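Listed below are the residues making up each chain.
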Amino acid sequence: MRKGSEQYADTNRQIRALRKDIEVRFRAVEGILTSDIADQILSGTYIPENQRTRDTAFVSYARMVNRLLYENGHFGHNTMVNKECCIRAFEKYESEVLRSAPVTLGRLTQDYLQKYYSYRFSGRGNKSIETAGKAMIPLFAAITYAFNHGILSREEAWTLLEYKENMFCRRNTRYLPEVPEKSVQYLTLEQLKQLEGFRPGNARTRDFIEIFLFCFYCCGMRISDAITLEWANVDEENLRIIKRQVKTRLTPRVPIYMHPAALAILDRWRGRNRRFVFNFLEAGFDLSDEEALYRRRISVTRTVNTSLKRVGEKLGFPFPLTTHKQRHTFAVLAINNGMPIYTLSALMGHSTIKTTEKVYARLLDSKVKADYDECMGKIFEGGCSPRPR
C-alpha cells in the first residue's frame, strides 16, 4: 500500500475509528478494569455491568448482542440489519399486540416464545416454518449469549433452546411441492446483444446500462462492488480487479477477470472521479462507515434498477431488468458453455461452492447428460470400443 494513496488514507481512518471506539469502551467501565474485561472489550464481547442483569429487557439485550456479534465479525452489515428488523418485529409484538412492558431476561419463558412464534403465522402472515424460524434466530442468539455470560442458568437456557430444536424439527418435507420452485431469470445471448446495442436518449440511463454491462463483463460482479470500485483496484494491463467484496467482507481467492470490452467502459468513466470508478461515492467517502455505505448502496441500487426496469420494458424483456440479472446471465451462459462449477464459483466470489450449486442446481442437472455424452464420445473416439452384446 503506497503512502499517500486513497487506500492508505482509508486504512488510517479505519484504524483511528477502531481506536476511538475501544477507548470509549474502556472509559465506560465502572470499577476495576480487569484483564478479563480488557479481553472482552478488545474481542468485541463486552457488555456493561448494568446491562448484564436478569432485569434487563430481553429485546434490548437481543439488540445489544446483535450489534456485538456484528462488530466482532460474526456476520456482515446486511445480516445485522436483517436481524435488527426481526428484533424490531418482536418489540412491536410486545408493545402493540400484548400491550405490555418488555419481558426481562429473568422472566422469559418457553411459552412466551412459543406464542410469539405462533403469532408469526397468524399475525404476520408467515407461510413457512423456515421464514418464521429465521425471525427467531437473533432471539435465540441472545439467549445463548446470556447463558455463556452467566445471566441465565444452564437449566433456563436449555429449556428455552430446547424449544428452538423442536421448532426446527417440525418441518413438513414435501417431495412434490405444490408451488413450483422459483427459476433463475437471465438474459439470453440475443437479449444481451439487444441491450448492448440499445442507445437511449437519456445520458444517465446510458450510464446505468454501461454499469450493468461492465458487471457482466467482470464475471457477474455485484452492484455493491461496482459502487465501491476504486481505480486502485483495477489492473487494466492484466485485465483483472482485486478488491474486498462488500457482501462477504473478504478478498476473493482469485481476482475478478475483465473481458476486454470492459476497458472501453472504463475509458468513458475516466476523469469523473479521482478515486471511485463509477462516481456514485464522493472521493473522500469513508468506506469504513458501514451505516452510511449501506444507506448509499440501497439508494443507488434502487435508482439504477428503476431505470433498468424501464429499459427492459422498452426492449420487451419478459421480466423486470435489474442489476442482479447480469450476474445470473453470466453464470448461465458460463455453465451452458462448459465452465466447470468450481471455476464459476471462484470467479463469482461465492464463499462456498454450495452457494453456486444451490442457485444454479437446475441448470447443472440439465448438463449432466450432455457432459456424459461428450465425455463418452471422447473416450470412444480415442480408440476404446464398446463391448459387443
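Here's what I pulled together on the structure shown here. Being a predicted model, the structure only gives us computed values, none of them experimental.

### Side note on the overall build of the protein chain
So, step 1. Assigned secondary structure in the protein chain consists of 16 helices and three strands.
So, step 2. Partitioning the intrachain contacts of the protein chain with sequence separation of at least 6 by distance along the chain shows that 59% fall at a separation of at least 24.

### Things to note about the pattern of salt bridges
So, step 1. Under the definition given, this model contains 15 salt bridges.
So, step 2. Between Arg63 and Glu84 there is a salt bridge; the shortest N-O distance is 2.9 Å. Here Arg63, found in helix H3 (residues 58-71), pairs with Glu84, found in helix H4 (residues 77-97); they are 21 residues apart in sequence, far enough to count as distant.
So, step 3. On the basis of relative accessible area, Arg63 is assigned to the partly exposed category, the value being 25%.
So, step 4. A salt bridge links Arg275 to Glu230; the shortest N-O distance between them is 3.2 Å. In this pair, Arg275 is assigned in the loop between helix H11 (261-269) and helix H12 (290-315) and Glu230 in the loop between helix H10 (223-227) and strand E1 (234-235), connecting sequence segments 45 residues apart. Of the two residues, Arg275 and Glu230, both sit in the buried class.

### So, unusual backbone geometry
So, step 1. Notably, Arg99 is not glycine yet its phi reads approximately 50°, a positive angle.
So, step 2. By the secondary structure assignment, Arg99 is in the loop between H4 and helix H5 (110-122).
So, step 3. Taking relative accessible area as the criterion, Arg99 reaches 70% and is therefore assigned exposed.
So, step 4. The phi torsion at Leu239 lies on the positive side, around 55°, for a residue other than glycine.
So, step 5. Within the element layout of this structure, Leu239 appears in the loop between E1 and strand E2 (240-241).
So, step 6. Overall, the relative accessible area of 23% leaves Leu239 in the partly exposed class.

### Description of H3
So, step 1. Spanning 14 residues, H3 covers 20 Å between terminal C-alpha atoms, matching the ideal 20 Å at 1.5 Å per step.
So, step 2. Among the residues of H3, Phe58, Val59, Tyr61, Ala62, Val65, Asn66, Leu68, Leu69 and Tyr70 are the ones counted as buried.
So, step 3. Following H3 by one or two positions, Gly73 has its phi on the positive side, about 85°.

### What to know about the sheet that holds E2
So, step 1. With antiparallel pairing, the three strands of this open sheet are ordered in space as E1-E2-E3. Each end of this open sheet is capped by a strand with a single partner; those strands are E1 and strand E3 (256-257).
So, step 2. Bridging between E2 and E3 involves two bridges; their strand directions are antiparallel. Within E3, the position partnered with Arg240 by the bridge is Tyr257.

### A look at the environment of Phe121
So, step 1. Inspection of the secondary structure assignment puts Phe121 in helix H5.
So, step 2. For Phe121, a relative accessible area of 29% gives the class partly exposed.

### A look at the packing of helix H9 (residues 203-217) against H11
So, step 1. Running from N to C, H9 and H11 point in directions that differ by 145°, and their axes come no closer than 9 Å. The element H9 and its partner H11 pack so that their crossing is left-handed. Along the contact surface, H9 presents Arg204, Asp207, Glu210, Ile211, Leu213, Phe214 and Tyr217, while H11 presents Ala261, Ala262, Ile265, Leu266, Arg268 and Trp269.
So, step 2. Among the residues forming the contact of H9 with H11, the class breakdown is nine nonpolar, no polar and four charged.

### Section: helix H6 (residues 129-148)
So, step 1. With 20 residues, H6 ought to run about 28 Å at 1.5 Å a step, and its terminal C-alpha atoms sit 27 Å apart, in line with that.
So, step 2. Remark: the principal bend of H6, roughly 35°, maps to Met136, with a proline, Pro138, within the next four residues.
So, step 3. Among all positions in H6, only Ile129, Ala132, Gly133, Ala135, Met136, Pro138, Leu139, Phe140, Ala142, Ile143, Tyr145 and Ala146 are buried.
So, step 4. Remark: Gly150 follows H6 within two positions and exhibits a positive phi of approximately 80°.

### Focus: the packing of H3 against H4
So, step 1. Taken N-terminus to C-terminus, the directions of H3 and H4 make an angle of 180°; their axes are 10 Å apart at the nearest point. The angle between H3 and H4 falls in the class roughly antiparallel. Touching Phe58, Val59, Ala62, Arg63, Asn66, Arg67 and Tyr70 of H3 are His77, Met80, Lys83, Glu84, Ile87, Arg88, Phe90, Glu91 and Glu94, all from H4.
So, step 2. Residues belonging to the contact of H3 with H4 are distributed by class as follows: seven nonpolar, two polar and seven charged.

### Looking at the packing of aromatic side chains
So, step 1. All chains considered together, the criterion is met by 13 aromatic pairs.
So, step 2. Members of the aromatic cluster, connected to one another through ring pairs, are Phe58, Phe90, Tyr93, Tyr112, Tyr116 and Tyr119.
So, step 3. Looking at Lys83, its charged tip hangs above the ring of Phe75, at a distance of 5.3 Å from the centre.

### Overview of the environment of Ala262
So, step 1. Summarising the element assignment, Ala262 is placed in helix H11.
So, step 2. Classification of Ala262 by relative accessible area gives buried; the value is 0%.
So, step 3. Each C-alpha atom, one on Ala262 and one on Phe214, is 5.5 Å from the other, the two residues being 48 residues apart in sequence.
So, step 4. Filtering out sequence-adjacent residues up to four positions away, Ala262 remains in contact with Phe214, Tyr217 and Cys218.

### What to know about the nonpolar core
So, step 1. In terms of nonpolar packing, the biggest core is built from 56 residues, with Leu195, Phe214, Ile241 and Phe278 touching the most fellow members.
So, step 2. Elements supplying a minimum of two residues to this core: helix H8 (189-196), H9, H10, H11, H12, helix H13 (323-336) and helix H14 (341-347).
So, step 3. The next biggest cluster of nonpolar side chains, apart from the first, holds 36 residues, and it includes Met80, Ile87, Met136 and Ile151.

Calculation notes
Residues numbered from 1 in each chain as written. Predicted model: local features only at pLDDT ≥ 70, side-chain atom pairs only at ≥ 80, totals over all residues. Heavy atoms only, no water. Helix = DSSP H or I, 4+ residues; strand = E, 2+ residues; numbered from the N terminus. Contact = heavy atoms within 4.5 Å. Salt bridge = Lys/Arg side-chain N within 4 Å of Asp/Glu carboxyl O. Buried < 20%, exposed > 50% of the residue type's maximum accessible area, 1.4 Å probe, protein only. Expected span 1.5 Å × (residues − 1). Pairing = 2+ DSSP bridges. Axes fitted to C-alpha atoms, helices over the stretch in contact; angles between N-to-C directions. Left-handed = near helix turned anticlockwise from the far one by under 90°. Nonpolar A, V, L, I, M, F, W, Y, C, P; charged D, E, K, R; others polar. Bend = angle between axes of the 7 residues up to and from the residue. Parallel < 35°, antiparallel > 145°, perpendicular 65-115°, else oblique. Phe/Tyr/Trp six-rings, centres within 6.5 Å; stacked < 30°, edge-to-face > 60°. Lys NZ or Arg CZ within 6 Å of the ring centre and 35° of its normal. Core = buried A, V, L, I, M, F, W, Y, C linked by side-chain atoms within 4.5 Å.

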